[in-house]
Amino acid sequence: MEDIIKLIEKAKSALILPHISADGDAIGSCQAMRCVLSDMGINAVIYAEETVEERLYFIADGVRVYNGDTIDYDTCIVLDCGDEDRLGTRKELLSKAKTVINIDHHRTNTGFGDASLVVSDASATGEVLFNLFRAMGVTLNSDIAGYLYTAICSDTGGFAYSNVSQDTFKIASELVSHNIKHWEISRLLFDCVDMKAELLKAEITKDIRSYYGGKVRTVVISREFADKFNVDPKELEGLVDLPRRIRGTEIAVALKELDDKIRISLRSNGDSDVSEIALKFGGGGHIKAAGCSILDVTIDEAEKMVVDACKGAI
Ligand SMILES: [Mn+2]
């Protein structure tokens, strides 16, 4: 951690980069880092790969979409991103930086960059940052606390998943002491949904597919199906929860047909390590939550490949 702190303190101007399809942990962590850097007098800008999804607008202030231009910078700080390819087109920015810092909690992180801080038992990158900021002697304020709380709340499903530790609760308790509206953060993250997406989910629930006696369950969203509901599949969150919640499911899979690939989310209810399955397809993640993409196949072919790969894990 000391090396990371020294490198941050040396930075004059930094780009902060979340993974593609940035989630609440990625954006919340980037915003917290931006606040801390700006308090240190370091000029910092967050560049996302694409427009932040509507659900996360409340933490998206000032996040820029990368279009080939950036501010001048000497440092790239990559947050919540397991490998360089998960930066999409922004991967090219790393080679132009004097220093690349990689801070993450994905167990499949490749350790890229000049210095990395990967804590795979942390619930969220927000939790890693909380400990880093404490080591740096940062004084928290309600902005930083709100962003970190959002990051952790997002990656733990509202403090519900097995990645939550005693430390996570202690950190959350300290963050809440900074006068943040934690109930509002939970509502915006989990209880404020898009009507069109809900209608699509109601329809696709009827079509959940079961394999191996129901131990593996999938939902499959084709482009055609999403179009019928006038929904952008990229914006569909929490699809994998539909099969995950059903009694008897050990591995839940959601497949979405995007423009150029099939995007796959995996969740484990039992002992199966879904990050191993995701790795087989060039993805990664955590034991109980992982993801990958498959190119040049139909969505049904992709489903068969993933269901086959699940066989050894159940
Ligand atoms: Mn995360």
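This write-up is about the structure you can find in this document. (Residues numbered from 1 in each chain as written. Predicted model: local features only at pLDDT ≥ 70, side-chain atom pairs only at ≥ 80, totals over all residues. Heavy atoms only, no water.)

**Describing the sheet that holds strand S7 (residues 209-211)**
Taken in spatial order, the 6 strands line up as S7-S8-S9-S10-S12-S11 in an open sheet, and their pairing is mixed. Looking at the sheet topology across the chains shown, the edges are occupied by S7 and strand S11 (284-285). Judged from the 6 bridges that link them, strand S10 (residues 262-268) and strand S12 (residues 289-294) form a sheet pairing that is antiparallel. By the bridge assignment for S12, Leu266 is matched with Ala290. (Pairing = 2+ DSSP bridges. Helix = DSSP H or I, 4+ residues; strand = E, 2+ residues; numbered from the N terminus.)

**As for the packing of aromatic side chains**
Going through the model one piece at a time under the given rule, you end up with 4 aromatic pairs. Arranged with centres 6.1 Å apart and planes meeting at 25 degrees, the rings of Phe159 and Phe169 form a pair that is stacked. Of this pair, Phe159 sits in the loop between helix H5 (142-155) and helix H6 (166-176) while Phe169 sits in helix H6, placing them 10 residues apart in sequence. Judged by relative accessible area, which is 48%, Phe169 ranks as partly exposed. Put simply, the rings of Tyr149, Phe159 and Phe169 pair up and form one aromatic cluster. (Phe/Tyr/Trp six-rings, centres within 6.5 Å; stacked < 30°, edge-to-face > 60°. Buried < 20%, exposed > 50% of the residue type's maximum accessible area, 1.4 Å probe, protein only.)

**A look at the side chain of Thr218**
In this structure, Thr218 sits in strand S8 (residues 216-221). Reaching out from Thr218, the side chain makes a polar contact with the side chain of Glu303 at a distance of 2.6 Å. (Polar contact = N/O pair within 3.5 Å; in protein donor to acceptor, adjacent residues only side chain to side chain.)

**Overview of the layout of surface pockets**
Within this model, the second largest pocket holds a volume of roughly 270 Å³. Lining the second largest pocket are 13 residues; nearest its centre among them are Phe58, Gly146, Thr150, Lys181 and Ile185. In the lining of the second largest pocket, the residues fall into 6 nonpolar, 4 polar and 3 charged. (1 Å grid on protein atoms, 1.4 Å probe; cavity = no way out; pocket = protein on both sides within 12 Å on 5 of 7 lines; lining within 4 Å. Points joined across faces, edges and corners; volume = space filled by probe spheres on them. Nonpolar A, V, L, I, M, F, W, Y, C, P; charged D, E, K, R; others polar.)

**A word on the pairing of S12**
In regular strands, side chains alternate between the two faces of the sheet. Bridging between S11 and S12 involves 2 bridges; their strand directions are antiparallel. Bridge assignment links Gly284 to a residue of S12, and that residue is Gly291. Between S11 and S12, which pair antiparallel and follow one another directly, the connecting turn spans 3 residues.

**Things to note about the coordination of the manganese ion**
In the first shell of the manganese ion, the protein supplies Asp25 (OD), Asp80 (OD), His105 (NE2) and Asp155 (OD), at 2.1 to 2.3 Å from the metal. Sequence positions of the residues that donate to the manganese ion give the spacing D-x54-D-x24-H-x49-D. In this pair, Asp25 is assigned in helix H2 (residues 24-39) and Asp155 in helix H5, connecting sequence segments 130 residues apart. Each member of the pair, Asp25 together with Asp155, is buried. (Donors = N, O, S within 2.8 Å, 3.2 Å for Na, K, Ca; no water.)

**Details of the pattern of salt bridges**
Under the definition given, this model contains 13 salt bridges. As a salt-bridge pair, Arg107 and Asp273 come within 3.1 Å of each other at their nearest N and O atoms. Here Arg107, found in the loop between strand S5 (99-104) and strand S6 (115-118), pairs with Asp273, found in the loop between S10 and helix H11 (274-280); they are 166 residues apart in sequence, far enough to count as distant. Residues Asp308 and Lys304 are paired through a salt bridge, measuring 2.9 Å at the closest nitrogen-oxygen approach. You can see Asp308 and its partner Lys304 sitting in helix H12 (residues 299-310), 4 residues apart, about one turn around the helix. Taking relative accessible area as the criterion, Lys304 reaches 52% and is therefore assigned exposed. Linked by salt bridges that have partners in common, Glu53, Arg55 and Glu237 make up one network. (Salt bridge = Lys/Arg side-chain N within 4 Å of Asp/Glu carboxyl O.)

Nothing here speaks to function; it is all geometry.
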